[in-house]
Amino acid sequence: MNTPTNSCQRRDRARLWAAAGLSLFAASAAWAQSAPAPDQPVVLDKFVVTGSLIPIAANTPAVPVAITTAEDIERSGMTRDLTDVLKKVNPFFFGRGNLGAENANTRANGTNGASTVALRNRPTLVLINGRRAALAPVAATGGATFIDVSLVPVAAVERVEVLADGASATYGTDAVSGVVNIILKSNFQGAMVGGSYSWAPDAGNYASRRGYVLLGAANDKSQVTVTAEWRSTDPLFQYERPWGRNQFRTPSFAGVITLDNGSTFYHLNPALNAPPENSDITLQEAIAAQYYSGPYTQDQVAQFFDLSQKATMFQRTDRRAITVAGEHRWSDRITAFADLIVTASDTESSLNAQPVAGNVLGTNRYNPLGVTVNVRNRFVDFPRIRNSEALGARGVFGLRGKVGQTWNWELAAALNRTTQNVRQFNLIDTIAYNTAVDNGTYNPFARKQAAGVIEGMLGTGFQDFVSRLNGFDARVSGEIFALPAGAVQLGASLETRRETISMKNDRNDQTGGWLQATPTLPFAAEQTVDSFGAELRIPVLGGDKSLPFVKTLEVTLAARKELYSSTTDPLVPKYSVRWMPVNDEFVIRGTYGESFNAPALFSLFGPSNSGFTNSININRYTPGGVLIGPTGQRQYRSRGGSNMNLIPAESRNWTAGFVWSPRALKGFSVSLDWFDIDERNIVGTVPITTLLQSVEQFGAASPYAGLVRLGTSVAGESHFTDGAPITAPGQITAGASDAVWVTNPVLNIAGQWQSGADLRLDYNREVGRWGRVEASLALTYLKEFVVQTLPTSAPFNGVDGFSASSTLPRYRTFTSVDWTMGNLTLGLSHTFIPEVDDLVAPVPARIDSYHTVDLRAGYTFSRSHNPWLRGVRLSAGVNNVFNEDPPLILGEQDQGRDINTYDALGRLFFVSASYKF
């Protein structure tokens, strides 16, 4: 428990670092403003941005759009994965919906080597050059479906546009929280080679490597850009971080026996490999002879075995990718364009060996006691290894052109295909295991088996997934008639797409032949979606037609109709307002939209999965419902899967905010946008901690009681369906945790709503002979993030706490300052996360605030007298300069730290080099 003094000290430290970040921004802005201002006004480049069917300049949107450029990516030092970059520089990418490809041990969210982005931790539509890509063929653990952004090579990214607002009426009814639009480089000329290396010198010596080639050519009619990239990262095991060791333990390992259905445990003498055979002694005699010690509770015997040795926090990754983007102008009115991405990836993660348990009769020659006992074992030298090989291919081919003076049109066809071949090594074959038990070649009481015994039980399971998306779309926009304030513009689109997903698996997987697994049948499913959208932009006031305090008023109306072959057909609207009271220095904007998120094919028809939960600590209760106290960390048997009875989720989303860019402070701008999202019937899973705690406390009266069964596995069988039902409180923790069988498929939870604000300050200024300064501060504030799992359950607000919904601090900041003088660039960044409550731990606790400081430097040899150096750029830096560890979270179920929110690597050095010629 934190003392009041320590808590105050942490709060003071948190305020100090928050103030330091704001001061850093303000000081750089003030210093730059004090320098001589150039005579020329700052001219903003204009280009089409995400958020409208009608082309719109970057400095005039009615919706909030944040842009992360290729330069921002380089500065971050996070060139391993695009998700890592977006999480670092944009605080509104928070929560467990944002997982980099390396994350291998984060509660309730394995992604099989893929990476996800989720704006505000909610479903986010990901586009590549403004068009859809195929969903990852394997859903994240917990049922989340997503587009794997790791298939896009970082070197090929020109910029990432983030529309922080619902965009269902524009891009698709499933754009609930917003849109991430990845724009590929397409106008590069020349050749560039480059690479980077980053490493964390702490134990384990984690390292990441990247190399790339960028080629481009153009003439007056055609241009083409080609990018090739290779990325590789090392695995990081839990034990390779001091705070990852000794966090979670288990009673299921070699040398453990129980005699009374799991309420007491006995441990084999560490000096022995196995007890004597055919001794037929009593338990008391075995203890007196020092064969066994005990009795122990589950928590006590678990102290003998640490789970950190084989579990990966970051998995090994290896990716190779190539992209091609080009266009050819056939005439002054028609241009052909195309882009292609092909990415091959290989990722591998590791878990401890599967635990095994079963009853051994007193007549068995290995049983020293002469009575039936339940024996635990774990083949520690054969960890479960999950290897995933993915191949993603995407091609878009189209034409665009002009009609008349104001009308533009575009036609395109897209082909997307992603495969994922998953191999699981060191699974236990049930028949081989039972045969070894029956013929006596396997000694269940022994820590080490005779040579070849365990190898004869093991096998490799496979699941091969394929996801496809093929579609065609047409878009047109232009002016339809003029009003006194300007032209009324119309944008329209139509799209048709066909999505398919399929899975093939091995025979044991289909029959439940792997030990303690449930049958998983192969499947194939498809759906078609036809959509029609329109957008109307109406200038109500503007130009010579204005009113006091209404210089410009613009209203946009949009709607989209989608026809699903697998569910109902929604019509979703959106309304936007853009208002300039006096001049273009100050803009007020607001939007309202609705969304409709149909269940993904994987959620409807995908396979089940079974195994053990992560370590969970819940409160124990007596059969009468009286609180006893926490259990300590335990693992339970669980299975999940699809649900053909899912219904679509519906939501509404509104934003309101302003942008201020005063001429008196050239290069400065501030934007503030309030957001509010309300979703109902969300497709997801009940957090396993919530489910188990409810059943433990309320017994048969819990709304989740039907999802839990009790039963001891006698010979490797499962009891998800035929186990004993829950009848009273306290039954979850009354016996061994591996006698609890939880079924938790995806379902429609009651709802979720959140509100808050995004603040952005930017300053970009030439400072005469002192060069140029660029400073930015991004802050996301959460007022509420409420989850209601069932209509009968109470809503739960997770803000300012760590819970099953993620770590949700009240606010989070990212501050960055860069100074460029000639060929030299120096930069500094600061990330701050304030204190939060541990809302999962049985005993209330406060989680420390967290901050990291990053430093970087770069030099370009553009004016070197040596011709071989001209075109060379060198960069180096260090992230997390002060080597801040993630704060301790007692309720976290993997390694006692939320490695998705906080940095698990510690101090990370990076160097990069590129040569353009």
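Shown above is the structure to which this text applies.
This one's a predicted model, so the numbers in the text were calculated from it and none came from an experiment.

## A word on the nonpolar core
No. 1: Counting residues in each nonpolar core, the largest one holds 26 residues, and the members touching the most others are Phe-93, Val-162, Val-180 and Ile-182.
No. 2: Grouped together as the second largest cluster of nonpolar side chains are 25 residues, Leu-691, Tyr-704, Val-740 and Leu-790 included.

## Some details on the pairing of strand β17 (residues 373-378)
No. 1: Buried residues dominate β17, accounting for six of its six residues.
No. 2: Because side chains alternate across β17, one face comprises the buried residues Val-373, Val-375 and Asn-377, and the other comprises Asn-374, Arg-376 and Arg-378, equally buried.

## What about unusual backbone geometry?
No. 1: The amide bond that connects Gly-294 to the next residue, Pro-295, takes the cis arrangement and shows omega of 5 degrees.
No. 2: By the element assignment, Pro-295 lies in strand β12 (residues 292-296).
No. 3: Of note, Asp-800 is a non-glycine position whose phi angle comes to about 65 degrees, a positive value.
No. 4: Within the secondary structure, Asp-800 is located in the loop between β37 (796-797) and β38 (801-803).

## Details of the packing of aromatic side chains
No. 1: Tallied over the entire structure, the rule returns 23 aromatic pairs.
No. 2: Here Phe-523 and Phe-602 contribute two aromatic rings whose centre-to-centre distance is 6.3 Å and whose plane-to-plane angle is 85 degrees, an arrangement assigned as edge-to-face. You can see Phe-523 sitting in strand β22 (residues 523-541) and its partner Phe-602 sitting in helix α10 (residues 601-605), a full 79 residues away along the chain.
No. 3: Taking relative accessible area as the criterion, Phe-523 reaches 12% and is therefore assigned buried.
No. 4: Owing to a relative accessible area of 13%, Phe-602 belongs among the buried residues under this scheme.
No. 5: Chaining the aromatic ring pairs together yields one cluster made of Tyr-197, Trp-199 and Phe-909.

## So, the sheet that holds β17
Working definition: the strands of a sheet are paired by backbone hydrogen bonds and lie parallel or antiparallel to each other.
No. 1: Spatially, β12-β11-β10-β17-β16 is the arrangement adopted by the five strands of the open sheet, whose pairing is antiparallel. The sheet terminates laterally at β12 and β16 (355-360), the two strands that pair on one side only. This sheet shows a mean twist of 25 degrees between the axes of neighbouring strands, independent of strand direction.
No. 2: Direction of pairing for β16 relative to β17: antiparallel, over a ladder of six bridges. Across the sheet, residue Val-356 finds its bridge partner in β17, namely Asn-377.

## Focus on the pairing of strand β4 (residues 157-163)
No. 1: In terms of burial, β4 is a largely internal element, six of the seven residues being buried.
No. 2: Two strands pair when backbone bridges link them, and strand β1 (residues 65-69) and β4 are joined in this way by five bridges, in the antiparallel orientation. Opposite Ala-66, over in β4, you have Val-162 as the bridge partner.
No. 3: One ladder, built from six bridges, connects β4 with strand β5 (residues 179-184); its direction is antiparallel. Directly across from Val-162, in β5, lies its bridge partner Val-180.

Rules and cut-offs
- Residues numbered from 1 in each chain as written.
- Predicted model: local features only at pLDDT ≥ 70, side-chain atom pairs only at ≥ 80, totals over all residues.
- Heavy atoms only, no water.
- Core = buried A, V, L, I, M, F, W, Y, C linked by side-chain atoms within 4.5 Å.
- Buried < 20%, exposed > 50% of the residue type's maximum accessible area, 1.4 Å probe, protein only.
- Helix = DSSP H or I, 4+ residues; strand = E, 2+ residues; numbered from the N terminus.
- Phe/Tyr/Trp six-rings, centres within 6.5 Å; stacked < 30°, edge-to-face > 60°.
- Pairing = 2+ DSSP bridges.
- Axes fitted to C-alpha atoms, helices over the stretch in contact; angles between N-to-C directions.

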